[in-house]
Amino acid sequence: MSGDGLRPSPDTPTLLRIATNCRRSWGRAVCTPRAPMIDVWVIVAGAALGGAALAASPSAALAAAIGSLWILWKRRAAHPAIVAGCAALLSLQTMRAYTLLGEARDAYTKSTEEFTPPGVCVFKGAVVDSPIASVRGDNVYTRASVHIESGDCEGRVLTAGSVARVYQLPEDLRRGDRIEAVAKLAPVHLFEHEELPNAWVPVARSRVAASGAAIDVVIAERAFSPGGLVDAARAAVRKRILKTYTPEAAGLGRALVLGETDLDEDDLAAFRDSGLLHLLAVSGTHLVIVVAALSGALRRALVRVTALSARWEVGRIAAAFGIGAAWLYADFAGGSGSAVRAAAMLTVALSAKVWGRRPTPGRALAVGLCGAAMLDPLVLLDVSFALSTGATAGLVILGEPISKGLTRCVHKLMRRVPDADEAVETRFDRGLKYVLGSVGTTLAATLGSAPAMLRLSPRMPVLGLVANVIAAPIGELMALPVCLAHAALGWIGPLEQALAWVGSGALMFVNGVAHAASGVGGTLPVRSPSPWQLAVLLCGGVGWKVARSRLNRVSALMGTAAMVLAFEWVHMEHGSPKGVLRVTMLDVGQGDSILIDFPDGKSMLVDGGGMVGNPVDPGSRVILPVLSARRRDGVDVMVLTHPHPDHFTGLKSVAERAKVGEFWETGQGEAHGARGAYAELLRALRGQGAVIRRPKELCKGVHMFGEATVKVLRPCPDVHMDTPANDASLVLHIRYGRRSVLLVGDSEVDAEKELIAEGVRLRADVLKVGHHGSRTSSSEGMLRAVRPRFSFISCGVRNTFGHPHRAAMERLEQAGTEIFRTDRGGEIIWETDGETMSITRP
């Protein structure tokens, strides 16, 4: 308090300081407690970051902003002028975010005009970001974003302004290099879904709207910019890691030092499922070690210069040097969101030291976040940035309370142990001091990053806490310093090799812990928080912070929990609607995947998308996240219309990680010899006891799902194994009330003729256009028989087949049906109550 006893001191260094309401009564000062004042930089940082949230989830983020600002104003936890100023800042950041998203849409439109259909392009351009390497055997490939200046793409002129991510580039490529290249390019696929994060954000932040593999590249002009020199250093360190580390540890070393997460699929899954993936991400620990080493060395050198140290505080000079070192290493380590956040926070702390101040960790974090958000209004939507921010905030806010609470609990337990003397307790305290600190730190960081982590992957490691207590000390205190020393001392041969052996051993120990923890404990499915639940958590957290008493804090926590559960119930009801039929054509690129919600709450998944040679798994990328967002643990019926990769690839992941009641298929794939992903799909289904049903059984009668009916029209009464797979596709007619849907798989003209000749009822309000709009499907006779009001086409902007073909589109247009395509607008949701119909898009 200040000298007059009426005001809190402005120099109070804590993140949260207690204020009072004071007034004069009968000549005396009468003061009563009021809500704790929140540091102004925390509020400013929230407003600066909030623009991204408003752009991504407008309704929920707006409610969170209004609720938080209202709580601050109502509780007088911040000056009204500060609240008003932050509201203005929030509006500014929101406009900036929307502007970036609008520019992303314009860039993508330009990309689709120039790169559709995909083709071989000859162009000139400049590398605009740091190349990232991928190692395949003895070959090293890099990828980088290239600003295209001019070129030609099979007759289509490429104008300046497009940015493409090009793969299989030369290993020694640097930022700023001008190249002449031949590459097969196509627009990036967005995977737009109402339930998933905004698909335009990556395009808005990176400007990359096309991608593809290089065929031939010539470096026309070498750049010698600071960024180019950093990339040259990265390439040199990468070569030394690949040459001196053990082959099993080289990928882990590159992830730790260079930020190149190019791990073996099994290793990556093990680190993710054990909760240890953060050990391979460039974080604040990396920067602290590097900056502390460099600044300390500089300070010790400057102290020896008597003339300088006598006149100046050399610690401030070393701190100023550390600011540049922090950003230089963040760039060297790949410039990820977590590295940027750590560099920004360290910059604030070192700047304060330069000016002779001592900021609290909370204020340093807040100012750093504010600066990052002003540079990039969408930075909050960067996954690594959000995870790093959440973990750091958890450490700042919860780290000390959790550690102290654990210590108190242990002390109470020790006092209850019979015959426990003071000496035993002291030895016990010393032995567990580090363990309790590690547990408290891990819990605090986990709780802080949990919302972002669950949005990324709704699964929680069972042994994550134990794995972190065992592996974190080796990873952060041994592997990290040794690997960084290896990168810095590569010019000393014997020492470099010794450091490589030690670093490889430490990394393989951490890798072993990850595999053991993931293999023994695995993961548990956890509900991913929705934007509305995150909004409630934010408002609840603000309310808890400004509460005047313990009772108010408990009330805030209980109210928050009740609201989170209420929204969970709402999401469950929306995910499994009763009394309506909902058909969702998922945006899985070139392929089919349709999720059907029946009036009785049951669900059916028809096909799973996928393409041979495409690294994107639609099951993990789209289907499982959508099921999680709809609060479904699996599907009652999984249908594979025919055994082609663009229909079954995504089903494998679903069968391995979600419950499946029944599996409907033709049986052709197994009859012709099950191989690859299809064989793994059948193995996973049989392993969980799913009932497999085929045409001979499915063609009998009508399948009831509440008041909705599903009738299998083809191939009936059974499949002929010599029939082409497309024409042998399962054809489903789904009806609810007066409304119906016809799903024809990849059926072509011959199958359509047989359906018409059989005289079965084909009339439907919605037609899933056969074979992705191929010219060999959707004949005039078929369209006359179906007379669809709406026609849905599932295809991808990167497909090389020309789908949908012009001839098929003309027939659909002549039939008078309204056409919807997943490559233009993403997911398609059709819903009916049996009478009325509606269609929504993301």
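Quick look at the structure, then. All figures in this text were calculated on a predicted structure; none of them were measured in a lab. All chains use their own residue numbering, which begins from 1 and follows the written sequence. Local features in a predicted model are, by the rule used here, given only for residues with pLDDT of at least 70; side-chain atom pairs are given and counted only at 80 or more, and totals for whole chains, interfaces and linings are based on all residues. Think of the side-chain values as coming from all heavy atoms in the structure, minus any hydrogens and water.

**Description of the side chain of E665**
Thinking step 1. Numbering of helices and strands runs from the N terminus, with a helix taken as a DSSP run of H or I at least four residues long and a strand as a DSSP run of E at least two residues long. With respect to the helices, strands and loops of the structure, E665 is situated in the loop between strand 18 (659–664) and helix 21 (668–671).
Thinking step 2. In the analysis that follows, any N or O atom pair within 3.5 Å is treated as a polar contact, provided that within protein one partner can donate a hydrogen and the other can accept it, and provided that, for residues neighboring in sequence, both atoms belong to side chains. One polar contact links E665 to R694, side chain to side chain, over a distance of 2.5 Å.
Thinking step 3. Note on contacts: a residue pair is in contact if any heavy atoms of the two residues lie within 4.5 Å. If sequence neighbours within four positions are ignored, E665 has contacts with L640, Y678, L682, I692, R693, R694, P695, L698 and L730.

**As for the layout of surface pockets**
Space left empty within the atom packing is revealed by a probe, the size of a water molecule, rolled over the atoms.
Thinking step 1. Quantified by volume, the second largest pocket comes out at close to 430 Å³.
Thinking step 2. Residues are called lining when one of their atoms sits within 4 Å of a cavity or pocket point, these points coming from a 1 Å grid over the protein atoms alone, where a cavity is a set in which a 1.4 Å probe fits but cannot get out and a pocket is an open set with protein on both sides within 12 Å along at least five of seven lines. If you trace the second largest pocket, you find 18 residues lining it, with V290, L294, Y329, L484 and A488 closest to the centre.
Thinking step 3. Contributing elements (two or more residues each) for the lining of the second largest pocket: helix 5 (226–244), helix 8 (284–303), helix 10 (314–332) and helix 15 (464–488).
Thinking step 4. A class-by-class count of the residues in the lining of the second largest pocket yields 18 nonpolar, no polar and no charged. Grid points are joined across faces, edges and corners, and a volume is the space filled by probe spheres set on the points. Under the scheme applied, nonpolar residues are Ala, Val, Leu, Ile, Met, Phe, Trp, Tyr, Cys and Pro; charged residues are Asp, Glu, Lys and Arg; polar residues are all the others, including Gly.

**A look at the nonpolar core**
Thinking step 1. As used in this record, nonpolar core signifies buried Ala, Val, Leu, Ile, Met, Phe, Trp, Tyr and Cys residues forming a set joined through side-chain atoms within 4.5 Å. Buried residues are those whose accessible area, probed at 1.4 Å on protein chains only, stays under 20% of the maximum for their type, while exposed residues exceed 50% and partly exposed ones sit between those limits. Grouped together as the largest cluster of nonpolar side chains are 48 residues, with contacts concentrated most on Y245, L276, L287, Y329 and L507.
Thinking step 2. Sequence-distant contacts of L507, defined by excluding residues within four places in its chain, comprise Y245, A249, L252, G253, L256, A479 and C483.
Thinking step 3. Residues L49, L90, M345 and C539 belong to the second largest nonpolar core, which totals 33 residues.

**What to know about the state of the cysteines**
The term disulfide refers to a covalent linkage connecting the sulfur atoms of a pair of cysteines.
Thinking step 1. Only a pair of cysteine sulfur atoms within 2.5 Å counts as a disulfide in this structure description. Per the counting criterion, the structure on display carries two disulfides.
Thinking step 2. Two residues share a disulfide in this structure: C121 and C153, whose sulfurs sit 2.1 Å from each other. Of the two residues, C121 sits in strand 5 (residues 119–127) while C153 sits in strand 7 (residues 139–153), which places them 32 residues apart along the sequence.
Thinking step 3. We classify C121 as buried; its relative accessible area is 0%.
Thinking step 4. In this model, C699 is linked to C716 through a disulfide, with the two sulfur atoms separated by 2.0 Å. Across the disulfide from C699 to C716, rotation about the S-S bond amounts to roughly -85°, and the bridge is consequently left-handed. Remark: C716 occurs in the loop between strand 21 (708–714) and strand 22 (731–736) and C699 occurs in the loop between helix 23 (695–698) and strand 20 (703–705); sequence separation between them is 17 residues.
Thinking step 5. With no disulfide of its own, C539 lies 15 Å from the sulfur of C86, the closest cysteine sulfur.

**Re a positive patch on the surface**
Thinking step 1. Taken together, K74, R75, R76 and R548 make up a surface patch of like positive charges.
Thinking step 2. Summarising the element assignment, R75 is placed in the loop between helix 2 (58–74) and helix 3 (80–115). Only residues whose relative accessible area exceeds 30% and that take part in no salt bridge are eligible for patches, with like-charged residues grouped when within 9 Å of each other and nonpolar side chains (Val, Leu, Ile, Met, Phe, Trp, Tyr) grouped when within 5 Å. Each accessible area is a Shrake-Rupley estimate made with a 1.4 Å probe; only the visible protein chains count as cover when residues are assessed. Any carboxyl oxygen of Asp or Glu that lies within 4 Å of a side-chain nitrogen of Lys or Arg is treated as forming a salt bridge with it. His is not counted, nor are the chain ends, whereas Lys and Arg count as positive and Asp and Glu as negative. For charged residues, the charge sits on one atom: NZ in Lys, CZ in Arg, CG in Asp, CD in Glu.

**Digging into unusual backbone geometry**
Thinking step 1. Cis geometry is found at the peptide bond from T116 to P117, where omega equals -5°.
Thinking step 2. By secondary structure assignment, the location of P117 is in the loop between helix 3 and strand 5.
Thinking step 3. Cis geometry marks the peptide bond from R714 to P715; its omega dihedral reads -10°.
Thinking step 4. Mapped onto the elements, P715 comes out in the loop between strand 21 and strand 22.
Thinking step 5. Phi is positive for F191, which is not a glycine, with a value near 55°.
Thinking step 6. The phi angle at H771 is positive, at roughly 50°, despite the residue not being glycine.
Thinking step 7. Relative to the assigned elements, H771 resides in the loop between strand 24 (766–768) and helix 25 (780–786).

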